[in-house]
Amino acid sequence: MEKGKVLVTGAAGYIGTHTAVKLINAGFGVVVVDNLSNSELSAIEGVREITGREIPFVQADCNDRAALEEVFRAHEFCGVIHFAASKAVGESVEQPLLYYGNNLGSFVTVLELMKEYGVPNIVFSSSATVYGQPDVLPATETTPRKPATSPYGNTKQICEDILRDSVAAYEGLNGIALRYFNPIGAHPSALIGELPKGVPNNLVPFITQTAAGVRECLSIFGDDYNTGDGTALRDYIDVVDLAKAHVVAVERMVGGDMKEQYEIFNIGTGRPVSVLELVRTFEKVNGVAVPYKIVGRRAGDVEAVWADTTLANTELGWKAERSLDETLRSAWKWEKHLRGL
Ligand code: NAD
Ligand code: WQD
């Protein structure tokens, strides 16, 4: 028997597809809403292929209240996972209104409809970007947030606040914000993965495209940081592990196990990895070369950030499981699948 039906917005995207697979495998029904602004229908096909299940898909913008209301009218949801958002940091600096309009507007519309239709639970995709450069590492959930350095980062902080205030005001509404660190990798089947548009901003897609010969050379942004090898430190979380965290969060809400009506969890591995270590590990486990050069620091980058995951480990009973080797193998397998290599 189905455990309940979850509305997953933005589920044609990178993290959403992996989460849809895990939700279905855990026995939840899934309804997908996506406007395909940063994804393709083939991603939903990938989810169907992996799970062997038909997935109701509605192509709609979460800012389109009437279209979204149709979905709330047609289904009884036990919860919502809200992935739908624009996520390119640089683009958000150039087009802040696009980011405020899309990320805040869609979230408010979803919350309004949840309130109207009595849907009690929502998981929100937040980000380690809310911490900026923490004064003390690793970052815990109580580490103070730093002023956002991009409109994108600001939308994550504001959405967290919108969720906190809504939960406080509206009886019966529960919220969990998951602060993802750096999601990487792909499903082991290589049927779903990340589909970056144009030149990738993120490190791992740039590495895989360079290894595939699509890009000539990786630029490593800075080797003069105050870290072991001078390159920046991040907490790279496998996307399949990240997907599982969403299932656990939904189960916690549906099962009535929350300690507070609004909770925040860091979702990372707890292990800092440098850019150079990541590149070398990728080369080693995949047996391919990644030509790189060291260039200046990228504007807006922080030196080091990684998670204290104690809360997610103890409260959610969730822990990152896939090794970095395994994750980087899956990233390469996905790139080869995309390129027909
Ligand atoms: P993605 O771009 O692959 O997925 C987002 C999906 O939302 C896309 O399919 C896009 O078409 C859809 N979408 C965007 N605006 C929409 C709207 N108004 N209505 C309907 N659909 C809409 O991104 P992702 O990496 O899967 O990220 C998912 C969420 O996680 C986002 O909220 C993102 O900000 C957050 N996040 C991502 C990362 C990361 O590094 N990937 C890190 C932290 C947080
Ligand atoms: C990782 C490291 C780069 C590309 C971003 C967003 C954050 C979150 C995750 C959504 C950094 C270095 C990168 C390259 C490089 N997204 N790098 N050469 O910047 O930690 O986080 O994605 O919420 O908000 O800011 O991730 O993958 O871009 O970079 O040297 O070509 O790799 O300088 O140290 P980042 P990233």
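Everything numeric in this text was worked out from a predicted model, so none of it was measured.

Peer 1: What is the right way to look at the site of ligand 1 in this model?
Peer 2: The immediate surroundings of ligand 1 are formed by 26 residues, with Asp34, Asn38, Ser39, Asn102 and Tyr152 found nearest. Here a nitrogen atom of ligand 1 and a backbone polar atom of Asn35 are 3.1 Å apart. Residue Cys62 places a main-chain N or O atom 2.9 Å away from a nitrogen atom belonging to ligand 1. Elements supplying a minimum of two residues to the shell around ligand 1: α1 (14-25), β5 (121-127) and α6 (151-169).

Peer 1: In this structure, what is going on with the packing of aromatic side chains? I would like to understand it.
Peer 2: What characterises a pair of aromatic rings is the spacing of the ring centres plus the angle enclosed by the ring planes. Scanning the entire structure with this criterion turns up 5 aromatic pairs. Considering the side-chain rings of Phe107 and Phe124, the 4.8 Å spacing of their centres and the 40° angle between planes classify their relative orientation as tilted. Of this pair, Phe107 sits in helix α5 (residues 96-117) while Phe124 is found in strand β5, placing the two residues 17 residues apart along the sequence. The exposure class of Phe107 is buried, given its relative accessible area of 0%.

Peer 1: How should the site of ligand 2 be read in this particular structure?
Peer 2: Lining the immediate environment of ligand 2, one finds 19 residues, of which Tyr152, Ser219, Arg234, Arg298 and Asp301 sit closest. The separation between a nitrogen atom of ligand 2 and a polar main-chain atom of Ser219 is 2.7 Å. Take Asp301: an N or O atom from its side chain is 2.5 Å from an oxygen atom of ligand 2. Protein contact buries 87% of the 680 Å² of open area that ligand 2 shows by itself. Elements with a contribution of two residues or more to the shell around ligand 2: α7 (203-211) and β8 (218-221).

Peer 1: Is there a simple way to think about empty space enclosed by the protein in this case?
Peer 2: Under the counting rule described, the total for this entry stands at 1 cavity of 30 Å³ or more. Here the largest cavity is characterised by a volume of approximately 100 Å³. As for the largest cavity, its lining consists of 13 residues, and the residues nearest its centre are Glu194, Pro205, Thr208, Trp334 and Glu335. Those elements that provide at least two residues to the lining of the largest cavity are α7 and α11 (324-339). Here the residues of the lining of the largest cavity sort into 8 nonpolar, 3 polar and 2 charged.

Peer 1: I keep staring at unusual backbone geometry and nothing clicks. Help me out?
Peer 2: What is expected of a backbone is that most residues other than glycine have negative phi and most peptide bonds are trans. The omega torsion of the bond from Leu137 to Pro138 falls at 0°, within 30 degrees of zero and hence cis. Turning to its location among the elements, Pro138 is positioned in the loop between β5 and α6. The backbone phi angle of Leu36 is positive, close to 60°, even though this residue is not glycine. Take Leu36: it is sitting in the loop between β2 (29-34) and α2 (41-51). Positive phi, close to 60°, is recorded for Ala190, a residue that is not glycine.

Thresholds applied
Residues numbered from 1 in each chain as written. Chains lettered and ligands numbered in written order. Predicted model: local features only at pLDDT ≥ 70, side-chain atom pairs only at ≥ 80, totals over all residues. Heavy atoms only, no water. Near = heavy atom within 4 Å. Polar contact = N/O pair within 3.5 Å; in protein donor to acceptor, adjacent residues only side chain to side chain. Helix = DSSP H or I, 4+ residues; strand = E, 2+ residues; numbered from the N terminus. Phe/Tyr/Trp six-rings, centres within 6.5 Å; stacked < 30°, edge-to-face > 60°. Buried < 20%, exposed > 50% of the residue type's maximum accessible area, 1.4 Å probe, protein only. Areas by Shrake-Rupley, 256 points an atom, 1.4 Å probe, with all protein chains shown as cover. 1 Å grid on protein atoms, 1.4 Å probe; cavity = no way out; pocket = protein on both sides within 12 Å on 5 of 7 lines; lining within 4 Å. Points joined across faces, edges and corners; volume = space filled by probe spheres on them. Nonpolar A, V, L, I, M, F, W, Y, C, P; charged D, E, K, R; others polar.

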